[in-house]
Amino acid sequence: MTLRADTPPTMAKVRRFSTAQRWIHRTTAALMGVCVATAACLYVPQLAELVGRRDLIVTVHQWSGLALPVPVLAGLASRAFRADLGRLNRFGPHDRAWLRAALHRDKRPASRPAAKFNAGQKLYAAWIAGATLVMLATGLMMWFTHLTPLLWRTSATFVHDWLALTIGIVLAGHIGMALADPESRRGMRTGRVSREWADREHPLWRP
């Protein structure tokens, strides 16, 4: 990107996410939101009475859950997305330093070294990916009841329900942290962030 000579360095923008990556995130977030909303309508009596049409809610919940991995699988066609998956899958010494600082509530930027993704984002990505696969497997057991024994279906229901509650709590934390960082949200919305933010929050990242 070419900058004018009089552009202040702190106003320079660097590319963080491609268009494909942003749409993968938006589509996955929308499907996850539908899953969580329909689950709440199925399990919270007050919402169930307010919404009604339980059969329709069940159908929407099932198909949105089944479609949840599709954006990520389709995104594998994007080189930038595959590169970011590789970054999220690597955990280095700087990530351990970031976690130690987070556990000790040390908020100094120097104590939290990070590349394109910090350790917290890597842990969240790994956890939500694993949780999604478990939810998909247990949901299929509950949907196709004739394929598995009763004991399996009972266990699957228990895991599915409690993991759904955990996902709701973790997603609330994820959204809360995003709301607290406008520049990070701008990066996901427009694909670009300020050079000053990148240098401060992700000093090891070389765009």
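Placed above this text is the structure.
The written sequence of each chain sets the order in which its residues are numbered from 1. Restriction of local features to residues with pLDDT of at least 70 applies here, the model being predicted, together with a cutoff of 80 or more for giving and counting side-chain atom pairs; totals for whole chains, interfaces and linings are based on all residues. Water and hydrogen atoms play no part in the side-chain values, which are based on all heavy atoms of the structure.

1. Notes on the overall build of the protein
For the protein, the count of helices and strands is 10 helices and 2 strands. Along the chain direction, N to C, the helices and strands of the protein fall in the order β-α-α-α-α-α-α-α-α-α-β-α. Out of the 207 residues belonging to the protein, those deemed buried represent 28%. Counting contacts in the protein only where the partners sit at least 6 residues apart, residues at least 24 apart contribute 68% of the total. Computed with a 1.4 Å probe, the accessible areas rest on the Shrake-Rupley method; for each residue, only the protein chains presented here act as cover. For the protein, the accessible surface area stands at approximately 13,200 Å², while carbon and sulfur atoms represent 67% of it. Taking the average place of the 28 positive charges on the side chains of the protein and the average place of its 12 negative ones, the gap between the two points comes to 6 Å. Only runs of H or I of at least four residues qualify as helices and only runs of E of at least two qualify as strands under DSSP, and these elements are numbered from the N terminus. The rule is simple: take the accessible area with a 1.4 Å probe, protein chains only, and divide by the maximum for that residue type; under 20% is buried, over 50% is exposed, in between is partly exposed. Note on definitions: a residue-residue contact is assigned when non-hydrogen atoms from the two residues lie within 4.5 Å. Charge convention: Lys and Arg are scored as positive, Asp and Glu as negative, and His as well as the terminal groups of each chain are ignored. Taken as the charge location is NZ of Lys, CZ of Arg, CG of Asp or CD of Glu.

2. Observations concerning a nonpolar patch on the surface
On the surface, Val134, Phe158, Val159, Trp162, Leu165 and Ile169 cluster together into a nonpolar patch covering about 600 Å² of accessible area. When residues of the nonpolar patch are assigned to their parent elements, the largest contribution, 5 residues, is made by helix α8 (residues 150-179). Along the chain, Val134 turns up in helix α7 (residues 119-143). Its relative accessible area of 36% is what places Val134 among the partly exposed residues. Only residues above 30% relative accessible area that lack a salt bridge enter a patch, with like-charged residues linked at up to 9 Å and the nonpolar side chains Val, Leu, Ile, Met, Phe, Trp and Tyr linked at up to 5 Å. Criterion for a salt bridge: a side-chain nitrogen of Lys or Arg within 4 Å of a carboxyl oxygen of Asp or Glu.

3. What to know about unusual backbone geometry
With phi around 55 degrees, Arg105 is a residue other than glycine that occupies positive phi space. For Arg105, the position within the fold is in the loop between α6 (93-103) and α7.

4. Comments concerning the packing of aromatic side chains
When the centres of two rings from Phe, Tyr and Trp lie within 6.5 Å, Trp using its six-membered ring, the rings pair. Their planes under 30 degrees apart give stacked, over 60 give edge-to-face, and anything left gives tilted. Within this structure, the stated rule accounts for 4 aromatic pairs. Ring centres of Trp143 and Phe144 lie 5.0 Å apart, and the angle between their planes is 20 degrees; this geometry places the pair in the stacked category. By relative accessible area, Trp143 is classed as partly exposed at 25%. Residue Phe144 is classed as partly exposed on the basis of its relative accessible area of 34%.

5. Observations regarding the packing of helix α1 (residues 19-43) against helix α3 (residues 54-67)
It is at 9 Å that the axes of α1 and α3 come closest, and there the two elements cross at 150 degrees. Relative to α3, the element α1 is oriented roughly antiparallel. The way α1 lies across α3 gives a crossing that is left-handed. For the pair α1 and α3, the contacting residues are Leu31, Val34, Cys35, Thr38, Ala39, Cys41 and Leu42 in the first and Arg54, Ile57, Val58, Val60, His61, Ser64, Gly65 and Ala67 in the second. In this classification, Asp, Glu, Lys and Arg are treated as charged, Ala, Val, Leu, Ile, Met, Phe, Trp, Tyr, Cys and Pro as nonpolar, and every other residue, Gly included, as polar. Taken together, the residues of the contact of α1 with α3 break down into 10 nonpolar, 4 polar and 1 charged. All axes here are fitted lines through C-alpha atoms, helices being fitted over the stretch that makes contact, and every angle between N-to-C directions spans 0 to 180 degrees. With respect to orientation, any angle under 35 degrees is reported as roughly parallel, any angle over 145 as roughly antiparallel, any angle of 65 to 115 as roughly perpendicular, and every other angle as oblique. Whether a crossing is left-handed or right-handed is set by the direction in which the near helix is turned from the far one by less than a right angle, anticlockwise for left-handed and clockwise for right-handed.

6. Observations concerning the environment of Glu196
Here Glu196 shows up in helix α10 (residues 195-201). Residue Glu196 is classed as partly exposed on the basis of its relative accessible area, which comes to 34%. Sequence separation of Glu196 and Ile167 is 29 residues, and the distance between their C-alpha atoms is 33 Å.

7. Considering the nonpolar core
Leu31, Met32, Leu68, Ile128, Ala131, Met135, Leu163, Ile167 and Leu171 together form the largest nonpolar core, which totals 9 residues. Elements that contribute at least two residues to this core include exactly α1, α7 and α8. With near-sequence residues (within four places) excluded, Met135 lies in contact with His160, Leu163, Ala164 and Ile167. We define the nonpolar core as a collection of buried residues of types Ala, Val, Leu, Ile, Met, Phe, Trp, Tyr and Cys that are connected through side-chain atoms lying within 4.5 Å of one another. Counting residues in each nonpolar core, the second largest holds 5 residues, with Val14, Trp197, Ala198 and Trp205 among its members.

Spatial relationships are all this shows, so hold off on functional conclusions.
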